[in-house]
Amino acid sequence: MKIFLLGVLVTFPVAFVEGFFGLFIASPPLIMGAVVAPIVEEYGKFAVVRRFAYHNPPEFDEPMDGIVYAAVAALGLASLENVLYVFTAYLTSPALALGTIAIRAIFSVPGHALFASVWGYALGRAKFTAAERRPAIILQGGLILGMVLHGIFNFLLFSAEIVAYAMAVFILVLTPGGLWILANRNIRRALDHGHR
């Protein structure tokens, strides 16, 4: 619950940083959605888990916990983010708000948890792998991969407005499928590593 609430709270500094960058970027929709937002949001979620769960041995006591806490922080951020998006859409029209609810429920909520599970897996591996066997950039690599996947996903959502049919198929089938496969593989590996 604490990590979820901190995920909700980190939405405020994340929104502030994104808004700050938005002042200086000439083409906000694509650059903000595909570059700035993934970097800032994934780092915000990562910072919550690294600061408040990672160094807490009674709570973070097996590799799987990295994925669990990452997903929980991500769902906290996604919850408040969704409220803000729906409220903003409602100011335009109730129909737009309903559409926003549907799209964000199907894509954004699971997306946030799946992107975070990538660096969450890296956190779990880093904590429970002996220093001499631990890859030097496991934490940075996991975080960067989560950011890149988030960026690709957002880019495809923006591109879907231009090449609607082809992109819709890719977004609806291939992207979630690939992310679920990656998340399940990481979960299996984390559980296997935890039982050694």
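Note that this is a predicted model, so its numbers are computed, not measured. (Residues numbered from 1 in each chain as written. Predicted model: local features only at pLDDT ≥ 70, side-chain atom pairs only at ≥ 80, totals over all residues. Heavy atoms only, no water.)

Novice: Summarise the confidence of the model for the chain; cite the residues concerned and give the values.
Specialist: With 88% of its residues at a pLDDT of 70 or more, the chain shows a mean pLDDT of 86. Element-level pLDDT for the chain is lowest in helix α7 (residues 164-194), with a mean of 70, against a maximum mean of 97 in helix α1 (residues 2-9). (pLDDT = per-residue confidence, 0-100. Helix = DSSP H or I, 4+ residues; strand = E, 2+ residues; numbered from the N terminus.)

Novice: Quick rundown of the packing of aromatic side chains? Include the residues and the values.
Specialist: Under the counting rule described, the total for this entry stands at eight aromatic pairs. When the ring of Phe46 is compared with that of Trp119, the centres are 5.4 Å apart and the planes differ by 80 degrees; the resulting orientation is edge-to-face. With Phe46 in helix α3 (residues 28-52) and Trp119 in helix α5 (residues 94-127), this residue pair connects regions lying 73 residues apart in the sequence. A relative accessible area of 8% means that Phe46 is categorised as buried. (Phe/Tyr/Trp six-rings, centres within 6.5 Å; stacked < 30°, edge-to-face > 60°. Buried < 20%, exposed > 50% of the residue type's maximum accessible area, 1.4 Å probe, protein only.)

Novice: Outline the pattern of salt bridges, supporting the account with residue identities and numerical values.
Specialist: The final tally for this structure, using the stated rule, is two salt bridges. As a salt-bridge pair, Lys45 and Glu42 come within 2.7 Å of each other at their nearest N and O atoms. Of this pair, Lys45 and Glu42 both sit in helix α3, separated by three residues, roughly a single helical turn. For the pair formed by Lys45 and Glu42, the shared burial category is buried. (Salt bridge = Lys/Arg side-chain N within 4 Å of Asp/Glu carboxyl O.)

Novice: Now, about helix α2 (residues 11-22): what can you tell me, with residues and values included?
Specialist: If you check α2, its first and last C-alpha atoms are 16 Å apart, about what twelve residues at 1.5 Å a residue would give, namely 16 Å. Along α2, the positions that sit buried rather than exposed are Thr11, Val14 and Glu18. The buried residues of α2 occupy one face: seen down the axis, they fall within an arc of 65 degrees. Opposite the packed face of α2, turned more than 90 degrees from it, sit the exposed residues Phe12 and Phe16. (Expected span 1.5 Å × (residues − 1). Arc of directions from axis to C-beta.)

Novice: Summarise the packing of α2 against helix α4 (residues 64-92); cite the residues concerned and give the values.
Specialist: At a closest axis distance of 10 Å, the pairing of α2 and α4 adopts a crossing angle of 65 degrees. Here α2 contributes Thr11, Phe12 and Val14 to the contact with α4, which in turn contributes Gly76, Leu77, Leu80 and Glu81. Its residues assigned to classes, the contact of α2 with α4 comprises four nonpolar, two polar and one charged. (Axes fitted to C-alpha atoms, helices over the stretch in contact; angles between N-to-C directions. Contact = heavy atoms within 4.5 Å. Nonpolar A, V, L, I, M, F, W, Y, C, P; charged D, E, K, R; others polar.)

Novice: Explain the environment of Leu5 to me, using residue names and the numbers behind them.
Specialist: Topologically, Leu5 is positioned in helix α1. What makes Leu5 partly exposed here is its relative accessible area of 45%. In the structure, Leu5 is positioned 74 residues away from Ser79 in sequence and 10.0 Å away in space, judged by C-alpha atoms.

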